[in-house]
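Chain residues, written in single-letter form:
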Amino acid sequence: MTAAVSAAERPEQVLEFTLGADRYCVDIDHVEEIVAAGDLTPLPNTPPAVAGLMDLRGTSTTILDPTTVLDIGAPSAGTQVIILDGDQPVGWLVDRAHRVSTLDDVDVDTVPESPHVSGVISDGGRFVVWVEPGTVNGSVAI
């Protein structure tokens, strides 16, 4: 059973992206920038969710594959990286970042079954899974 997320609990805007055939989003306030994936350097002895390391303007940035943490199937094809804010530079390997959406007139339902999912946005007959970057990043020891 789901319940609606109140307007006070949800962000004003989210960045939508795809992982496989499905759409996901994060609060735009967590996003620093979006860059091309380029070449990633594999890191030995790291969890499977660590896709590798990239040089982002002279800063070593750990890149995670959220499909592993979210347990949603095959690894991301990874054409883009969403760089997230935080103390340590971290990015998510995504198939494609799409758009910034405003959550004024859409329904957001809670999904209590997942610690990484804040809700599901129903927008015009399609669903977008709203993911919490702090819980995804925090579940990977990097």
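Residues numbered from 1 in each chain as written. Predicted model: local features only at pLDDT ≥ 70, side-chain atom pairs only at ≥ 80, totals over all residues. Heavy atoms only, no water.

Colleague: How would you summarise the environment of Glu12 if you had to cite specific residues and measurements?
Modeller: Summarising the element assignment, Glu12 is placed in the segment before β1 (13-19). Classification of Glu12 as exposed rests on a relative accessible area of 68%. Separated by 15 residues in the primary sequence, Glu12 and Asp27 place their C-alpha atoms 7.9 Å from one another. Excluding residues that lie within four positions of it along the chain, Glu12 makes contacts with Ser101, Thr102 and Leu103. (Helix = DSSP H or I, 4+ residues; strand = E, 2+ residues; numbered from the N terminus. Buried < 20%, exposed > 50% of the residue type's maximum accessible area, 1.4 Å probe, protein only. Contact = heavy atoms within 4.5 Å.)

Colleague: Can you tell me about the sheet that holds strand β3 (residues 31-36), naming the residues and giving the values?
Modeller: Strand order in the open sheet made by the 5 strands is β3-β6-β7-β5-β4, with mixed pairing throughout. Looking at strand neighbours, the two that pair on one side only are β3 and β4 (50-56), the edges of this open sheet. The average angle at which neighbouring strand axes cross in this sheet is 30 degrees, direction not considered. (Pairing = 2+ DSSP bridges. Axes fitted to C-alpha atoms, helices over the stretch in contact; angles between N-to-C directions.)

Colleague: Residue-level account of the nonpolar core, with values.
Modeller: Soluble globular proteins tend to pack their nonpolar side chains together in the buried interior. Counting 20 residues, the largest nonpolar core has Phe17, Val26, Ile82, Trp92 and Val131 as the members making the most contacts within it. Taken together, the elements giving at least two residues each to this core come down to β1, β2 (22-27), α1 (66-70), β6 (80-84) and β7 (90-94). One finds Val35, Ile63, Val81 and Leu93 within the second-largest nonpolar core, a separate group that totals 8 residues. (Core = buried A, V, L, I, M, F, W, Y, C linked by side-chain atoms within 4.5 Å.)

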